[in-house]
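Structural overview
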Amino acid sequence: MTELSQTAPLNLLATCPKGIEGLLADELTALGAEPGKTTVAGVYFSADQATAYRVCLWSRLANRVILLLARESLVETAEQVRNVVARIAWSQHLAPGKTLAVDFHGRSDHIRHTRFGAQTVKDGVVDALQLGGRERPNVDTKAPDLRIYAHLHRANLSLGIDLSGDSLHRRDYRRDVGHAPLKENLAAALLVRAGWPERAKAGEPLIDPLCGAGTLLIEAALMAADQAPNLNRERFGFHGWAGHQDAVWSELKREAEARASIGRKRCKTELMGFDQSPAALTAAKSNAMRAGIPALITLHGQSLAQLHRPETLTAEQGLLITNPPYGERLGELPELVRLYAQLGEKAKALFPGWTLALFTGNPDLGHRLGLRAHKQYALKNGALDAKLLLMEIASARPAPKQSGEPTDAGVVPQASRTTTSTVSENAKMFANRLAKNQKRLKKWLKQSGETCYRLYDADMPEYALAVDRYGDRVHVQEYAAPSSVNPSQAQKRLFDALDVLPEALGVDPSKIYVKRRERQTGAAQYQKRDASGERFEVREGSARLWVNLRDYLDTGLFLDHRPVRRMLGEMASGKRFLNLFCYTATATVQAALGGASDSVSVDMSNTYLEWARDNFALNQLDPRLHRVVRDDCFRWLETANAQFDLIFMDPPTFSNSKKMRDTLDVQRDHPRLVELAMARLAPGGTLVFSNNQRRFKLDEALSERYAVEEITARTFDPDFQRRTNLHHVFLLRHAPFADKGQGDD
């Protein structure tokens, strides 16, 4: 363990992304090494020094190549680690005056931080060198001459020299990475799994229809041109290793340069990339230039909808490979469902007989292609579980000639671009229900002039969605499926719905916003989901209001309360108006436009109060007459001394916001809230009390003390009459005898 023989095979470890260990073992064999045990994200192997260099230069799949110096078991404490490290003859590996760094991975009950582990290893190296009369080496964590690898797992310690230096997936060509880049060695693994090396030798073409910064194209070109992936790297870890043999390395590099020169000249393989982003294409061109293969790749600035098959591309077989977006955020799904379906349509129409290789972190989206995968490979893309789906594209069957059908090769008749054949019967029923509901609401919408309304609310149990129109935009809320429903089945139904929504409602997929509505606690429904700031103006009666369909669970406008806001506007003329738990103060806007003399709107959220101010400004309301107050409504009511003629109170069902003095449960706390509000209500005034607790019951004592009228049934417009338990609304007034008694005083 203390000395390194110049002739004996070296013990080595090649690390890699999880899921491609078998491919890496095959690659090591092809490079002249002898693979041994395969571990998670790595392969142990033996090789001479020249072969170890060759692996660093030629491996398309490895992350790092480690020269193993020690593998010890029953190592847990820092002292034990230090002792193992100190027994290694570090003078054979670290020359005088050279710097070092330690990469420590893992932990034990005694070593819980990687920094402490690295410090312990470094101390062991210093002990060994000083024992041999050497000076203490300096540490350089950014650009060390020698990088030491240490891995501690389940009391097993592995120590070695990192011969690769920087991770081998960094080929030095990709400085412009574009959005959501795919690591180079993972891209290479996808190509190997798709059989690209054999296809390239056979002269087959390759197309990436969503190429982004071009990583798949460039890795494919390097393979086709027989160019070592790390040929352009200036420095490897072994360059600072005391055992480095420069003559061996120079010969290997000279050979690789010659092969690349010949390979680039002989390569006739057609490699094409398409993308609609100018920035992505610019990055792809720059990356290809740095990789040394710009002439091998052709790039086209086209969207997937514009994808065509160039007339020069006559091959009957080829590889269509791509890494489309995955839809990690729910709001991205409407466009992606259509994107994946469109990819399937284009593949079948333009590339019959080819193979489609799709890499996705959302296999359910992959099913929207309308193609069956004959092979699937589970992989990791960073921390994300992903799959590579390989699909054979069936040869097109000649169809009867239709009148007016274009005859140009590669041009797809418009009718064939629909996904009707892949839409399930249930999805068609869902689309029909949307059309039926739209027809039912048509007369009311024309009379009322409303542009924001609910079109569908879980009418069909299979599609537990709420679908709302906001002008030319659509807001979709998916109710969380119960535990008895298979999650993948629920996901499929959501995708089915999103597939038919654009055509059924005549909207662009980019204007459909999706969220998942689950049981909320505290202020969760008001918390930010995104930070786009994407808002737009809508109209409700004479009011102009800002809504945001992307950033929050709710949009800034509770559609079911439209009749209540309308009623407040009709009641408000000449009245002093108070809006408690005001949210974005849309009710205040309606009251002000209805002639309220002045108003106060109270809420705890700065975000929503700022939104309220913007709504006021949009409607040219005087801020001196219509004020917003940031406060806990309980506290404000307890300390306020003003009186109001009209009060609207719509508290949340439950809140445990840290800004509040106590938690709020509307069923438990509404008597106290109502009492406090009624204390601020002027004689002859009205409190409009509303809440959205489905099983809410008004405390009987309130009915005994005040004149109470429940008007819930009158507060649902035609778009909400299917579910009349969404809210409860009561009018409360001081009883006549109470008013009289106040007057007698």
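Residues numbered from 1 in each chain as written. Predicted model: local features only at pLDDT ≥ 70, side-chain atom pairs only at ≥ 80, totals over all residues. Heavy atoms only, no water.

Turning our attention to the overall build of the protein. Check the secondary structure of the protein and you find 20 helices and 29 strands. What you see for the protein is a C-alpha radius of gyration of 34 Å, clearly larger than the 27 Å of a compact globule of 745 residues, by over 25%. Taken along the three principal axes of its C-alpha coordinates, the protein extends 110 × 80 × 45 Å. Going through the 745 residues of the protein one by one, you find that 53% of them count as buried. In the protein, of all internal contacts separated by at least 6 residues, the share reaching a separation of at least 24 is 73%. In the structure as shown, the protein presents an accessible area of about 34,600 Å², 47% of it carried by carbon and sulfur atoms. (Helix = DSSP H or I, 4+ residues; strand = E, 2+ residues; numbered from the N terminus. Rg over C-alpha atoms; globule rule 2.2 N^0.38 Å. Buried < 20%, exposed > 50% of the residue type's maximum accessible area, 1.4 Å probe, protein only. Contact = heavy atoms within 4.5 Å. Areas by Shrake-Rupley, 256 points an atom, 1.4 Å probe, with all protein chains shown as cover.)

What follows deals with the sheet that holds strand E5 (residues 100–106). Within the open sheet, the seven strands sit side by side as E2-E3-E1-E4-E7-E6-E5. Their pairing is mixed. Single-partner strands in this sheet number two, and they are strand E2 (34–39) and E5. Sheet twist, expressed as the mean angle between neighbouring strand axes with direction ignored, is 30 degrees. The sheet contact formed by strand E1 (residues 10–15) and strand E3 (residues 42–47) spans six bridges and is antiparallel. Following the sheet pairing, Ala-14 is matched in E3 by Val-43. Sheet contacts for helix H3 (residues 78–86): strand E4 (64–72) and strand E7 (156–162); angle to E7, the most-contacted strand, approximately 40 degrees. (Pairing = 2+ DSSP bridges. Axes fitted to C-alpha atoms, helices over the stretch in contact; angles between N-to-C directions.)

Relative to the elements of secondary structure, Asp-645 occurs in strand E24 (residues 644–649). Separated by 36 residues in the primary sequence, Asp-645 and Leu-681 have C-alpha atoms spaced 6.0 Å apart. In contact with Asp-645, other than residues within four places in its own chain, are Gly-574, Lys-575, Arg-576, Leu-681, Ala-682, Gly-685 and Thr-686. A polar contact of 2.9 Å, which involves the side chain of Asp-645, links it to the backbone nitrogen of Arg-576. (Polar contact = N/O pair within 3.5 Å; in protein donor to acceptor, adjacent residues only side chain to side chain.)

Turning our attention to the side chain of His-734. Structurally, the position occupied by His-734 is in strand E29 (residues 728–734). Here Met-678 takes part through its backbone oxygen, which lies 3.3 Å from a polar atom of the side chain of His-734. At a separation of 3.0 Å, a polar atom in the side chain of His-734 contacts the main-chain carbonyl oxygen of Leu-681.

Here we come to the pattern of salt bridges. One pass over the structure, following the stated rule, counts 42 salt bridges. Between Asp-166 and Arg-170 there is a salt bridge; the shortest N-O distance is 2.8 Å. A relative accessible area of 40% places Asp-166 in the partly exposed class. Assessed through its relative accessible area of 38%, Arg-170 is described here as partly exposed. Each of Glu-450, Arg-562, Arg-566, Asp-717 and Asp-719 takes part in a single network of salt bridges with overlapping partners. (Salt bridge = Lys/Arg side-chain N within 4 Å of Asp/Glu carboxyl O.)

Moving on, we get to the packing of aromatic side chains. Applying the stated criterion across every chain yields a total of 18 aromatic pairs. Geometrically, the ring pair formed by Tyr-53 and Phe-238 is tilted, given 4.2 Å between the ring centres and 35 degrees between the ring planes. Of this pair, Tyr-53 sits in helix H2 (residues 49–58) while Phe-238 sits in the loop between helix H7 (215–224) and helix H8 (246–266); the two residues are 185 residues apart in sequence, bridging distant segments of the chain. According to the relative accessible area criterion, Phe-238 is buried, its value standing at 0%. Of the aromatic side chains, those joined through ring pairs into one cluster are Tyr-552, Phe-558, Tyr-583, Tyr-608 and Trp-611. (Phe/Tyr/Trp six-rings, centres within 6.5 Å; stacked < 30°, edge-to-face > 60°.)

Moving on to the nonpolar core. Of all hydrophobic cores here, the largest spans 154 residues; its most connected members are Trp-90, Leu-163, Trp-196 and Phe-430. Residues in contact with Phe-430, not counting those within four places in the same chain, are Tyr-456, Met-460, Tyr-463, Leu-465, Val-467, Ala-497, Val-500 and Leu-501. Core analysis: the next-biggest nonpolar cluster, separate from the first, contains 30 residues, Phe-581, Leu-637, Phe-696 and Leu-732 among them. (Core = buried A, V, L, I, M, F, W, Y, C linked by side-chain atoms within 4.5 Å.)

Mean pLDDT over the protein stands at 90; residues scoring 70 or higher make up 90%. Overall, residues 398–421 carries pLDDT values under 50, and its contacts beyond four positions in sequence, including any with other chains, amount to 17 contacts. (pLDDT = per-residue confidence, 0-100.)

This paragraph deals with the environment of Val-474. Residue position: Val-474 is located in strand E17 (residues 473–479). As for Val-474 and Leu-549, which are separated by 75 residues in sequence, their C-alpha atoms are 8.5 Å apart. What Val-474 contacts, discounting residues up to four positions off in sequence, is Val-467, Asp-468, Arg-469, Leu-505, Val-507, Lys-511, Ile-512 and Tyr-513.

So, on to the sheet that holds strand E21 (residues 576–580). With respect to topology, seven strands assemble into an open sheet ordered E23-E22-E21-E24-E27-E29-E28, the strand pairing being mixed. The open sheet has two edge strands with one neighbour each: strand E23 (626–630) and strand E28 (706–710). Put simply, the sheet's adjacent strands are angled 15 degrees from each other on average, direction ignored. As defined by bridge partners, E21 adjoins E24 across four bridges and the pair is classed as parallel. Following the sheet pairing, Leu-580 is matched in E24 by Met-649.

A word on helix H1 (residues 21–30). Turning to H1, its buried residues are Glu-21, Leu-23, Leu-24, Ala-25, Glu-27 and Leu-28. If you follow the buried residues of H1, they end up packed against E1, E2, E3, H2 and helix H5 (184–193). Gly-32 occupies a position one or two residues after H1 and carries a positive phi of about 100 degrees.

Here we take up unusual backbone geometry. Residues other than glycine seldom take positive phi values, yet Ala-41 does so here, at roughly 60 degrees. Given a relative accessible area of 18%, Ala-41 falls into the buried group. Positive phi values are uncommon outside glycine, yet Phe-581 reaches one of about 55 degrees.

The next point concerns the pairing of E1. For E1, the tally of buried residues reaches five of six residues, placing the bulk of the element in the interior. Sheet analysis places E1 next to E4, joined by four bridges and oriented antiparallel. What sits directly across from Thr-15, in E4, is Arg-64.

Right, let's talk about the packing of H3 against helix H4 (residues 114–131) for a bit. Relative to each other, H3 and H4 sit at 40 degrees, their axes nearing to 8 Å. Viewed along their axes, H3 and H4 adopt a mutual orientation that is oblique. For the pair H3 and H4, the sense of crossing is right-handed. Of the residues in H4, those touching H3 at Ala-78, Val-81, Arg-82, Val-85 and Ala-86 are Phe-116, Thr-120, Val-121, Asp-123, Gly-124, Val-125, Asp-127 and Ala-128. Classifying every residue of the contact of H3 with H4 by side-chain character gives eight nonpolar, two polar and three charged. (Parallel < 35°, antiparallel > 145°, perpendicular 65-115°, else oblique. Left-handed = near helix turned anticlockwise from the far one by under 90°. Nonpolar A, V, L, I, M, F, W, Y, C, P; charged D, E, K, R; others polar.)

Let us look at the pairing of strand E22 (residues 598–603). Of all six residues in E22, five are buried; the element is thus mostly enclosed. Of the pairings in the sheet, the one linking E21 to E22 comprises five bridges and is parallel in character. By the bridge assignment, Arg-576 is partnered in E22 with Asp-598. Read as a crossover between parallel neighbours, the route from E21 over helix H15 (residues 586–593) to E22 is right-handed. In the sheet, E22 pairs with E23 via five bridges, with the strands oriented parallel. (Right-handed = clockwise from strand over helix to strand, strands pointing away.)

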